[in-house]
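# Fold and contact review
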Amino acid sequence: MLTDIAREIEQHEATAWAACVAATGDLPGNPLHAEVGEVAGTPVSSLMAVGYWLFNRVIALGVAQAATAQDVEALTAWYRARDQTDFVVEASPAVPQADLTDLLTAGGLAQREYKQAKVWRTATPVETATDIDVQELTSNDRDAFANVNAAAWQAPSSLGSWFGATIGVAGFRHYGVFDAGELVSTGALFMSGTLGWCGFGATLPSHRGQGLQAATFARRINDAAEAGCQIVHTETENRPDNASLHNMLRIGFEHIYDKSLYGPAEQPA
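The notes below deal with the structure included here. (Residues numbered from 1 in each chain as written. Predicted model: local features only at pLDDT ≥ 70, side-chain atom pairs only at ≥ 80, totals over all residues. Heavy atoms only, no water.)

For any two aromatic rings, the description comes down to two numbers: the centre-to-centre distance and the angle of the planes. What the rule picks out here adds up to 11 aromatic pairs. Relative to Phe87, the ring of Tyr79 has its centre 4.4 Å away and its plane inclined at 5°; by these criteria the two rings are stacked. With respect to class, Tyr79 is no different from Phe87; both count as buried. Grouping aromatic residues by their ring pairs yields a cluster made of Trp17, Phe55, Phe145, Trp162, Phe163 and Phe200. Directly above the aromatic system of Trp17 lies the positively charged group of Arg57, at a separation of 4.2 Å from the ring centroid. Sitting over the face of the ring of Phe217, Arg220 holds its NZ or CZ atom 4.4 Å from the ring centroid. (Phe/Tyr/Trp six-rings, centres within 6.5 Å; stacked < 30°, edge-to-face > 60°. Buried < 20%, exposed > 50% of the residue type's maximum accessible area, 1.4 Å probe, protein only. Lys NZ or Arg CZ within 6 Å of the ring centre and 35° of its normal.)

Right, here's the structure in full:
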């Protein structure tokens, strides 16, 4: 059961992430030099202008087909050809851990300290006893959506194009909460088949602790259920003080497993 769910949501997360990077690459002039490739049926992606592992991710390696040493060598070469020395391959229970991690370490990759918690829940409607108005956003809200995410994650303004790239892209829906006309909290939903992936959850520091993310999650779950999804999933860092993980669990997500991240043993400064 765990392996079956892990396979489904890992492949769907890979599809969602590749769609985010592809949308960024489709922006005029491709300002972040975004690119999506493929190794052994698995998307590999990069924001070359950023050069940071949070964007240089390989998700679901070995899920669609068994990974080989040649696959690890090929994805390493893909990043090397793009001058990317900081990337990660995410290992989950969807693939027998010893088999994959042995391949990764033999290929010169080492486990990072970061642990990524994967959570999921059935796409059944959520009843909320709150008057928080979560609105679906349009392309007119692109800049505000990007600004909230950049401020919440303390990201440089140059990443604004990443945060707003998927607004208006097929398969994505974007949501937000306004306070006195100002967008203060956001979230996105990517749907394909019977699965929905939640991402881009962010709340301005001035408005945290008010239940805005819980309300945004509830709206996304309900919309996914209405659209025919059976499963909704997302991920975040697994650490005790992570408020995002606590919000996910409160809204009915189950922490199903952690993913280990493997990257080049020689990490950049």
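Further remarks concern the pattern of salt bridges. Per the counting criterion, the structure on display carries 14 salt bridges. The partner of Lys259 in a salt bridge is Glu13, and the shortest N-O contact between them spans 2.9 Å. Linking Lys259 in strand β11 (residues 254-264) with Glu13 in helix α1 (residues 2-25), this pair joins segments that are 246 residues apart in sequence. Comparing Lys259 with Glu13, the two get one shared label, buried. (Salt bridge = Lys/Arg side-chain N within 4 Å of Asp/Glu carboxyl O. Helix = DSSP H or I, 4+ residues; strand = E, 2+ residues; numbered from the N terminus.)

Compared with an ideal rise of 1.5 Å per residue, which puts 12 residues at 16 Å, helix α2 (residues 69-80) spans 16 Å between its outermost C-alpha atoms and is within 8% of the ideal. Among the residues of α2, Asp71, Val72, Leu75, Thr76, Trp78 and Tyr79 are the ones counted as buried. Looking straight down α2, one finds that the buried residues subtend no more than 155° of arc, so they occupy a single side. Summarising the geometry of α2, the exposed residues directed more than 90 degrees from the buried face are Gln70, Glu73 and Arg80. (Expected span 1.5 Å × (residues − 1). Arc of directions from axis to C-beta.)

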